[in-house]
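Residue-level listing of the chains:
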Amino acid sequence: MTTAEVGPLGFGCASVGNLYREMSDADAAETLQAAWDGGSRYFDTAPHYGLGLSEERLGRFLADRPRDGFLVSTKVGRLLVENPEFSAGQNDDEGFAVPATHKRQWDPSEAGIRRSLEESLARLGLARTDIVFLHDPDAYDLAAGIEQGLPVLEKLRAEGTVDAVGVGANSAETLLACIEAAELDYIMLSGCYTLLDQPAARELLPKCLAKGVKVINVGVYSTGILAQPKVPAQAHYKYAPASAEVRAKAAQIAAVCGRFGTDLPTAALHFSLRHPAVAAVVTGASSAAQAAQNAARLQAGVPEELWTALAAEELIPYDS
(Lines give C-alpha, C1' and ligand atoms only; values in the text may rest on other atoms or scores of the structure.)
Protein backbone atom coordinates (compact mmCIF):
# COMPACT_ATOMS: atom_id res chain seq x y z
CA MET A 1 0.00 0.00 0.00
CA THR A 2 0.98 3.63 -0.31
CA THR A 3 1.71 5.79 2.70
CA ALA A 4 -1.82 7.24 2.64
CA GLU A 5 -4.53 5.78 4.86
CA VAL A 6 -8.09 4.79 4.07
CA GLY A 7 -9.55 6.61 7.06
CA PRO A 8 -11.15 8.11 8.82
CA LEU A 9 -13.04 9.88 6.00
CA GLY A 10 -12.91 8.75 2.39
CA PHE A 11 -14.74 10.13 -0.61
CA GLY A 12 -17.23 8.10 -2.62
CA CYS A 13 -17.16 9.06 -6.28
CA ALA A 14 -20.62 7.98 -7.47
CA SER A 15 -21.75 11.62 -7.52
CA VAL A 16 -18.98 12.66 -9.90
CA GLY A 17 -20.30 9.95 -12.20
CA ASN A 18 -23.53 11.97 -12.48
CA LEU A 19 -25.51 10.02 -9.89
CA TYR A 20 -29.17 11.11 -10.22
CA ARG A 21 -28.27 14.38 -11.96
CA GLU A 22 -25.74 15.83 -14.36
CA MET A 23 -22.62 17.46 -12.94
CA SER A 24 -20.22 19.49 -15.05
CA ASP A 25 -16.55 18.59 -15.29
CA ALA A 26 -15.72 21.79 -13.42
CA ASP A 27 -18.14 21.05 -10.58
CA ALA A 28 -16.84 17.49 -10.32
CA ALA A 29 -13.26 18.75 -10.03
CA GLU A 30 -14.28 21.33 -7.40
CA THR A 31 -16.09 18.65 -5.38
CA LEU A 32 -13.08 16.34 -5.47
CA GLN A 33 -10.83 19.26 -4.49
CA ALA A 34 -13.07 20.07 -1.52
CA ALA A 35 -12.87 16.46 -0.37
CA TRP A 36 -9.07 16.60 -0.70
CA ASP A 37 -8.89 19.91 1.16
CA GLY A 38 -11.03 18.36 3.91
CA GLY A 39 -8.45 15.65 4.45
CA SER A 40 -9.73 12.75 2.34
CA ARG A 41 -6.92 10.76 0.76
CA TYR A 42 -8.96 7.68 -0.06
CA PHE A 43 -11.24 7.71 -3.10
CA ASP A 44 -13.65 4.93 -4.03
CA THR A 45 -15.04 4.53 -7.53
CA ALA A 46 -16.41 1.88 -9.91
CA PRO A 47 -17.13 1.32 -13.60
CA HIS A 48 -20.81 1.23 -12.61
CA TYR A 49 -20.69 4.90 -11.61
CA GLY A 50 -21.69 6.81 -14.70
CA LEU A 51 -20.57 4.04 -17.08
CA GLY A 52 -16.93 4.92 -16.42
CA LEU A 53 -17.35 8.70 -16.06
CA SER A 54 -16.53 8.63 -12.35
CA GLU A 55 -13.24 6.84 -12.96
CA GLU A 56 -12.31 9.22 -15.77
CA ARG A 57 -12.97 12.32 -13.69
CA LEU A 58 -11.18 10.92 -10.65
CA GLY A 59 -8.19 10.02 -12.80
CA ARG A 60 -7.93 13.54 -14.18
CA PHE A 61 -8.14 14.99 -10.67
CA LEU A 62 -5.38 12.75 -9.29
CA ALA A 63 -3.10 13.02 -12.31
CA ASP A 64 -0.77 15.68 -10.88
CA ARG A 65 -0.67 14.36 -7.31
CA PRO A 66 2.10 12.12 -5.92
CA ARG A 67 1.02 8.50 -6.18
CA ASP A 68 2.08 7.70 -2.63
CA GLY A 69 -0.22 10.43 -1.30
CA PHE A 70 -3.60 8.79 -1.94
CA LEU A 71 -5.44 5.48 -2.11
CA VAL A 72 -7.92 4.42 -4.78
CA SER A 73 -10.34 1.54 -4.83
CA THR A 74 -12.40 0.42 -7.76
CA LYS A 75 -14.68 -2.53 -8.36
CA VAL A 76 -15.00 -5.55 -10.60
CA GLY A 77 -17.81 -7.92 -11.54
CA ARG A 78 -19.66 -5.53 -13.86
CA LEU A 79 -18.11 -5.23 -17.31
CA LEU A 80 -19.00 -2.27 -19.48
CA VAL A 81 -19.95 -3.45 -22.97
CA GLU A 82 -21.25 -1.51 -25.94
CA ASN A 83 -25.01 -1.07 -26.02
CA PRO A 84 -26.18 -2.11 -29.49
CA GLU A 85 -29.59 -0.57 -28.85
CA PHE A 86 -28.26 2.90 -28.00
CA SER A 87 -29.82 5.81 -29.83
CA ALA A 88 -29.23 9.54 -29.46
CA GLY A 89 -30.87 10.97 -26.37
CA GLN A 90 -31.13 7.64 -24.56
CA ASN A 91 -29.88 7.88 -20.97
CA ASP A 92 -28.65 5.22 -18.56
CA ASP A 93 -31.47 3.51 -16.67
CA GLU A 94 -29.53 2.70 -13.47
CA GLY A 95 -29.56 6.09 -11.82
CA PHE A 96 -26.80 7.96 -13.64
CA ALA A 97 -27.39 10.96 -15.91
CA VAL A 98 -25.17 9.78 -18.77
CA PRO A 99 -25.82 8.55 -22.31
CA ALA A 100 -26.51 4.81 -22.40
CA THR A 101 -23.71 4.09 -24.88
CA HIS A 102 -22.74 1.04 -22.81
CA LYS A 103 -24.46 -1.42 -20.54
CA ARG A 104 -23.33 -3.42 -17.54
CA GLN A 105 -22.67 -7.14 -17.86
CA TRP A 106 -22.14 -9.40 -14.86
CA ASP A 107 -18.92 -11.38 -15.25
CA PRO A 108 -17.10 -12.80 -12.20
CA SER A 109 -14.76 -14.95 -14.29
CA GLU A 110 -11.00 -14.45 -14.25
CA ALA A 111 -11.04 -13.08 -17.79
CA GLY A 112 -13.90 -10.73 -16.94
CA ILE A 113 -12.31 -9.46 -13.74
CA ARG A 114 -8.93 -8.88 -15.37
CA ARG A 115 -10.53 -7.09 -18.29
CA SER A 116 -12.60 -4.92 -15.96
CA LEU A 117 -9.56 -3.95 -13.92
CA GLU A 118 -7.47 -3.15 -17.01
CA GLU A 119 -10.21 -0.92 -18.39
CA SER A 120 -10.62 0.82 -15.04
CA LEU A 121 -6.89 1.51 -14.86
CA ALA A 122 -7.00 3.02 -18.35
CA ARG A 123 -9.84 5.34 -17.36
CA LEU A 124 -8.11 6.25 -14.09
CA GLY A 125 -4.74 6.76 -15.74
CA LEU A 126 -3.10 4.66 -13.02
CA ALA A 127 -0.70 1.74 -13.15
CA ARG A 128 -2.48 0.05 -10.24
CA THR A 129 -5.27 0.51 -7.74
CA ASP A 130 -4.77 -0.06 -4.04
CA ILE A 131 -7.96 -2.01 -3.34
CA VAL A 132 -10.26 -3.96 -5.65
CA PHE A 133 -13.78 -4.91 -4.54
CA LEU A 134 -16.14 -7.45 -6.04
CA HIS A 135 -19.20 -5.27 -6.58
CA ASP A 136 -22.65 -6.35 -5.34
CA PRO A 137 -22.35 -10.06 -6.20
CA ASP A 138 -25.71 -10.79 -4.55
CA ALA A 139 -27.43 -8.52 -7.09
CA TYR A 140 -26.53 -11.08 -9.77
CA ASP A 141 -25.33 -14.49 -8.54
CA LEU A 142 -23.78 -14.69 -5.09
CA ALA A 143 -22.68 -18.30 -5.48
CA ALA A 144 -20.82 -17.49 -8.71
CA GLY A 145 -19.30 -14.42 -7.10
CA ILE A 146 -17.96 -16.50 -4.22
CA GLU A 147 -16.90 -19.54 -6.25
CA GLN A 148 -15.46 -17.73 -9.28
CA GLY A 149 -14.77 -14.13 -8.35
CA LEU A 150 -13.20 -14.34 -4.90
CA PRO A 151 -10.44 -16.81 -5.88
CA VAL A 152 -9.51 -14.45 -8.74
CA LEU A 153 -9.19 -11.54 -6.32
CA GLU A 154 -6.95 -13.61 -4.06
CA LYS A 155 -4.86 -14.51 -7.11
CA LEU A 156 -4.51 -10.86 -8.13
CA ARG A 157 -3.29 -10.00 -4.64
CA ALA A 158 -0.87 -12.93 -4.50
CA GLU A 159 0.73 -11.98 -7.81
CA GLY A 160 1.05 -8.34 -6.71
CA THR A 161 -1.39 -6.89 -9.25
CA VAL A 162 -3.33 -5.26 -6.39
CA ASP A 163 -2.44 -4.61 -2.78
CA ALA A 164 -5.74 -5.51 -1.14
CA VAL A 165 -9.07 -7.11 -2.05
CA GLY A 166 -12.59 -7.15 -0.72
CA VAL A 167 -16.31 -7.24 -1.43
CA GLY A 168 -18.83 -4.41 -1.44
CA ALA A 169 -22.52 -5.07 -0.78
CA ASN A 170 -25.70 -3.75 0.83
CA SER A 171 -26.28 -6.95 2.81
CA ALA A 172 -24.57 -8.02 6.03
CA GLU A 173 -25.47 -11.64 5.25
CA THR A 174 -23.79 -11.43 1.85
CA LEU A 175 -20.62 -9.99 3.29
CA LEU A 176 -20.55 -12.57 6.10
CA ALA A 177 -20.72 -15.37 3.51
CA CYS A 178 -17.87 -13.75 1.57
CA ILE A 179 -15.47 -13.31 4.47
CA GLU A 180 -16.09 -16.91 5.50
CA ALA A 181 -15.29 -18.10 1.97
CA ALA A 182 -12.10 -16.11 1.26
CA GLU A 183 -9.22 -14.26 2.89
CA LEU A 184 -10.32 -10.68 2.35
CA ASP A 185 -8.57 -7.51 3.47
CA TYR A 186 -11.64 -5.24 3.40
CA ILE A 187 -15.36 -5.20 3.06
CA MET A 188 -17.37 -2.20 1.93
CA LEU A 189 -20.51 -2.24 4.07
CA SER A 190 -23.43 -0.16 2.81
CA GLY A 191 -26.23 0.98 5.14
CA CYS A 192 -25.84 -1.84 7.64
CA TYR A 193 -24.11 -0.07 10.52
CA THR A 194 -25.70 3.34 10.95
CA LEU A 195 -27.09 5.47 13.74
CA LEU A 196 -30.54 4.26 12.73
CA ASP A 197 -29.92 0.53 12.24
CA GLN A 198 -27.07 -1.87 13.01
CA PRO A 199 -27.75 -5.35 11.56
CA ALA A 200 -24.03 -5.83 10.87
CA ALA A 201 -23.24 -5.57 14.58
CA ARG A 202 -24.73 -8.96 15.41
CA GLU A 203 -22.44 -11.29 13.47
CA LEU A 204 -20.58 -9.56 10.66
CA LEU A 205 -18.53 -6.97 12.55
CA PRO A 206 -17.41 -9.40 15.29
CA LYS A 207 -16.37 -11.84 12.55
CA CYS A 208 -14.42 -9.06 10.82
CA LEU A 209 -12.56 -8.33 14.05
CA ALA A 210 -11.78 -12.00 14.54
CA LYS A 211 -10.46 -12.40 10.99
CA GLY A 212 -8.69 -9.05 10.73
CA VAL A 213 -10.96 -7.79 7.94
CA LYS A 214 -11.18 -4.00 7.87
CA VAL A 215 -14.58 -2.41 7.31
CA ILE A 216 -15.20 0.60 5.11
CA ASN A 217 -18.60 1.92 6.14
CA VAL A 218 -20.74 3.63 3.50
CA GLY A 219 -24.35 4.76 3.29
CA VAL A 220 -24.05 6.16 6.80
CA TYR A 221 -26.78 8.75 6.25
CA SER A 222 -29.22 5.90 5.46
CA THR A 223 -29.95 7.22 1.94
CA GLY A 224 -30.94 10.62 3.23
CA ILE A 225 -33.00 10.37 6.40
CA LEU A 226 -29.96 11.16 8.59
CA ALA A 227 -28.47 13.76 6.26
CA GLN A 228 -30.20 16.85 7.65
CA PRO A 229 -30.49 18.20 11.21
CA LYS A 230 -34.29 17.99 10.98
CA VAL A 231 -35.88 14.86 9.54
CA PRO A 232 -37.84 15.89 6.44
CA ALA A 233 -41.42 14.78 5.96
CA GLN A 234 -40.49 13.19 2.63
CA ALA A 235 -37.36 11.46 3.91
CA HIS A 236 -35.98 8.40 2.14
CA TYR A 237 -34.61 5.30 3.85
CA LYS A 238 -32.96 2.41 2.01
CA TYR A 239 -33.76 3.98 -1.35
CA ALA A 240 -37.51 4.23 -0.69
CA PRO A 241 -39.84 6.63 1.13
CA ALA A 242 -39.30 6.21 4.87
CA SER A 243 -42.15 4.80 6.93
CA ALA A 244 -43.76 6.83 9.69
CA GLU A 245 -42.11 4.54 12.25
CA VAL A 246 -38.62 5.08 10.82
CA ARG A 247 -39.16 8.85 10.56
CA ALA A 248 -40.30 8.93 14.19
CA LYS A 249 -37.21 7.07 15.39
CA ALA A 250 -34.91 9.38 13.41
CA ALA A 251 -36.70 12.40 14.87
CA GLN A 252 -36.22 11.03 18.39
CA ILE A 253 -32.52 10.58 17.75
CA ALA A 254 -32.31 14.12 16.38
CA ALA A 255 -33.98 15.51 19.50
CA VAL A 256 -31.48 13.75 21.78
CA CYS A 257 -28.60 15.02 19.63
CA GLY A 258 -29.91 18.56 20.05
CA ARG A 259 -29.81 18.22 23.84
CA PHE A 260 -26.09 17.53 23.59
CA GLY A 261 -25.24 20.36 21.22
CA THR A 262 -24.81 18.33 18.07
CA ASP A 263 -26.98 17.61 15.04
CA LEU A 264 -28.26 14.44 13.44
CA PRO A 265 -25.85 14.14 10.47
CA THR A 266 -22.82 14.90 12.63
CA ALA A 267 -23.85 12.22 15.11
CA ALA A 268 -24.56 9.80 12.26
CA LEU A 269 -21.08 10.26 10.84
CA HIS A 270 -19.34 9.84 14.18
CA PHE A 271 -21.45 6.85 15.21
CA SER A 272 -20.53 5.02 12.05
CA LEU A 273 -16.85 5.06 13.05
CA ARG A 274 -17.39 3.85 16.61
CA HIS A 275 -17.11 0.11 16.06
CA PRO A 276 -13.49 -1.08 16.29
CA ALA A 277 -13.83 -3.06 13.04
CA VAL A 278 -14.51 0.12 11.07
CA ALA A 279 -11.41 1.57 9.43
CA ALA A 280 -13.09 4.39 7.51
CA VAL A 281 -16.35 6.02 6.60
CA VAL A 282 -16.85 6.96 2.97
CA THR A 283 -19.31 9.70 2.07
CA GLY A 284 -20.25 11.16 -1.27
CA ALA A 285 -21.20 14.73 -2.13
CA SER A 286 -23.05 16.39 -4.96
CA SER A 287 -21.18 19.68 -4.54
CA ALA A 288 -17.99 21.13 -3.13
CA ALA A 289 -20.02 22.62 -0.26
CA GLN A 290 -21.34 19.20 0.72
CA ALA A 291 -17.87 17.68 0.64
CA ALA A 292 -16.55 20.46 2.88
CA GLN A 293 -19.53 20.02 5.21
CA ASN A 294 -18.81 16.31 5.65
CA ALA A 295 -15.22 17.09 6.60
CA ALA A 296 -16.38 19.73 9.10
CA ARG A 297 -18.81 17.28 10.67
CA LEU A 298 -16.04 14.76 11.22
CA GLN A 299 -13.88 17.40 12.87
CA ALA A 300 -16.68 18.51 15.19
CA GLY A 301 -16.66 17.08 18.69
CA VAL A 302 -19.44 14.76 19.83
CA PRO A 303 -19.78 14.21 23.60
CA GLU A 304 -19.56 10.62 24.79
CA GLU A 305 -22.63 11.25 26.94
CA LEU A 306 -24.72 11.42 23.76
CA TRP A 307 -24.26 7.71 23.12
CA THR A 308 -25.15 6.90 26.71
CA ALA A 309 -28.33 8.93 26.43
CA LEU A 310 -29.32 7.34 23.12
CA ALA A 311 -28.78 3.88 24.58
CA ALA A 312 -30.80 4.76 27.69
CA GLU A 313 -33.73 5.67 25.43
CA GLU A 314 -33.20 2.39 23.51
CA LEU A 315 -32.41 4.24 20.31
CA ILE A 316 -29.06 2.49 19.90
CA PRO A 317 -27.75 -0.70 21.54
CA TYR A 318 -25.93 -0.27 24.82
CA ASP A 319 -22.74 -1.78 23.41
CA SER A 320 -22.59 0.55 20.39
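In what follows, the structure referred to is the one given above.
Residues numbered from 1 in each chain as written. Predicted model: local features only at pLDDT ≥ 70, side-chain atom pairs only at ≥ 80, totals over all residues. Heavy atoms only, no water.

1. Focus on the overall build of the chain
Helix and strand counts for the chain come out as 10 helices and 12 strands. In terms of overall dimensions, the chain is globule-like: its C-alpha atoms have a radius of gyration of 19 Å, near the 20 Å expected for 320 residues. By its C-alpha atoms, the chain is 55 × 45 × 40 Å across when sized along the principal axes. In the chain, the share of contacts with a sequence separation of at least 24, taken over all contacts with a separation of at least 6, comes to 75%. Accessible area of the chain: about 13,500 Å², with a carbon and sulfur share of 50%. Charge-centre separation for the chain: the mean point of 27 positive side chains lies 2 Å from the mean point of 41 negative side chains. (Helix = DSSP H or I, 4+ residues; strand = E, 2+ residues; numbered from the N terminus. Rg over C-alpha atoms; globule rule 2.2 N^0.38 Å. Contact = heavy atoms within 4.5 Å. Areas by Shrake-Rupley, 256 points an atom, 1.4 Å probe, with all protein chains shown as cover. Lys, Arg positive; Asp, Glu negative; His and termini not counted. Charge placed at Lys NZ, Arg CZ, Asp CG, Glu CD.)

2. Brief notes about the packing of helix α8 (residues 264-271) against helix α9 (residues 288-299)
It is the contact of α8 with α9, at a shortest axis distance of 9 Å, that shows an interaxial angle of 70°. Considering the angle they form, α8 stands roughly perpendicular to α9. Like other packed secondary-structure pairs, α8 and α9 cross with a definite hand, here right-handed. In contact with P265, T266, L269 and H270 of α8, α9 contributes N294, R297 and L298. (Axes fitted to C-alpha atoms, helices over the stretch in contact; angles between N-to-C directions. Parallel < 35°, antiparallel > 145°, perpendicular 65-115°, else oblique. Left-handed = near helix turned anticlockwise from the far one by under 90°.)

3. Some thoughts on helix α6 (residues 204-211)
Within α6, burial applies to L204, L205 and C208. End-on, the buried residues of α6 take up no more than an arc of 95°, which puts them together on one face. Of the residues trailing α6, G212 is marked for its positive phi of about 75°. (Buried < 20%, exposed > 50% of the residue type's maximum accessible area, 1.4 Å probe, protein only. Arc of directions from axis to C-beta.)

4. Topic: the packing of aromatic side chains
On inspection of all chains with the given rule, the structure shows eight aromatic pairs. Ring geometry for W36 versus F61: centroids 6.2 Å apart, planes at 70°, classification edge-to-face. Pair noted here: W36 is in helix α1 (residues 25-37) and F61 is in helix α2 (residues 53-62), with a separation of 25 residues, a long-range link. Ring centres 5.0 Å apart and planes at 0° place the aromatic pair W106 and Y140 in the stacked group. A residue pair is termed long-range when its members are at least 10 positions apart, and W106 in strand β5 (residues 102-106) and Y140 in the loop between β6 (131-135) and α4 (142-158) qualify at 34 residues. Judged by relative accessible area, which is 33%, Y140 ranks as partly exposed. Members of the aromatic cluster, joined through ring pairs, are F11, W36, F43 and F61. In this arrangement the basic side chain of R41 is found over the ring face of W36, its NZ or CZ atom lying 3.8 Å from the centre. Here the basic side chain of R65 rests over the ring of W36, its NZ or CZ set 4.9 Å away from the ring centre. (Phe/Tyr/Trp six-rings, centres within 6.5 Å; stacked < 30°, edge-to-face > 60°. Lys NZ or Arg CZ within 6 Å of the ring centre and 35° of its normal.)

5. Considering the sheet that holds strand β3 (residues 71-76)
Taken in spatial order, the eight strands of this closed barrel run β1-β2-β3-β6-β7-β8-β9-β12, and their pairing is parallel. On average, each strand axis in the sheet is inclined to that of its neighbour by 25°, with strand direction left out of account. Both β6 and strand β7 (residues 164-169) contribute to a ladder of five bridges, which runs parallel. Following the sheet pairing, F133 is matched in β7 by G166. In the packing of helix α5 (residues 172-181) onto the sheet, the strands contacted are β7 and β8 (186-190), and the crossing angle to β7 comes to about 155°. (Pairing = 2+ DSSP bridges.)

6. With respect to the nonpolar core
Counting residues in hydrophobic clusters, the biggest one holds 86 residues, and the most contacted among them are F43, L195, L204 and I225. Examining the composition of this core, we find that six residues originate from one element, helix α7 (residues 244-259), more than from any other. Those residues in contact with L204 that lie beyond four places of it in its chain are A172, L175, L176, I179, I187 and L189. Counting residues in each nonpolar core, the second largest holds 13 residues, with V6, L71, Y186 and M188 among its members. (Core = buried A, V, L, I, M, F, W, Y, C linked by side-chain atoms within 4.5 Å.)

7. Section: the pattern of salt bridges
In the structure shown here, the tally under the stated rule is 20 salt bridges. Between D64 and R65 there is a salt bridge whose closest N-O contact spans 3.0 Å. R65 gets classed as buried once you look at its relative accessible area, which sits at 18%. For K238, the salt bridge is made with D197, and the minimal N-O distance between the two is 3.5 Å. (Salt bridge = Lys/Arg side-chain N within 4 Å of Asp/Glu carboxyl O.)

8. Quick look at the packing of α5 against α6
Where α5 meets α6, the axes come as close as 10 Å, and the angle between the chain directions of the two elements is 25°. Judged by the angle between their axes, α5 and α6 are roughly parallel. For the element pair α5 and α6, the recorded crossing hand is left-handed. Taken together, the residues of α6 that come into contact with α5 (itself represented by A172, L175, L176, I179 and E180) are L204, K207, C208 and K211. Looking at side-chain class alone, the contact of α5 with α6 contains six nonpolar, no polar and three charged residues. (Nonpolar A, V, L, I, M, F, W, Y, C, P; charged D, E, K, R; others polar.)

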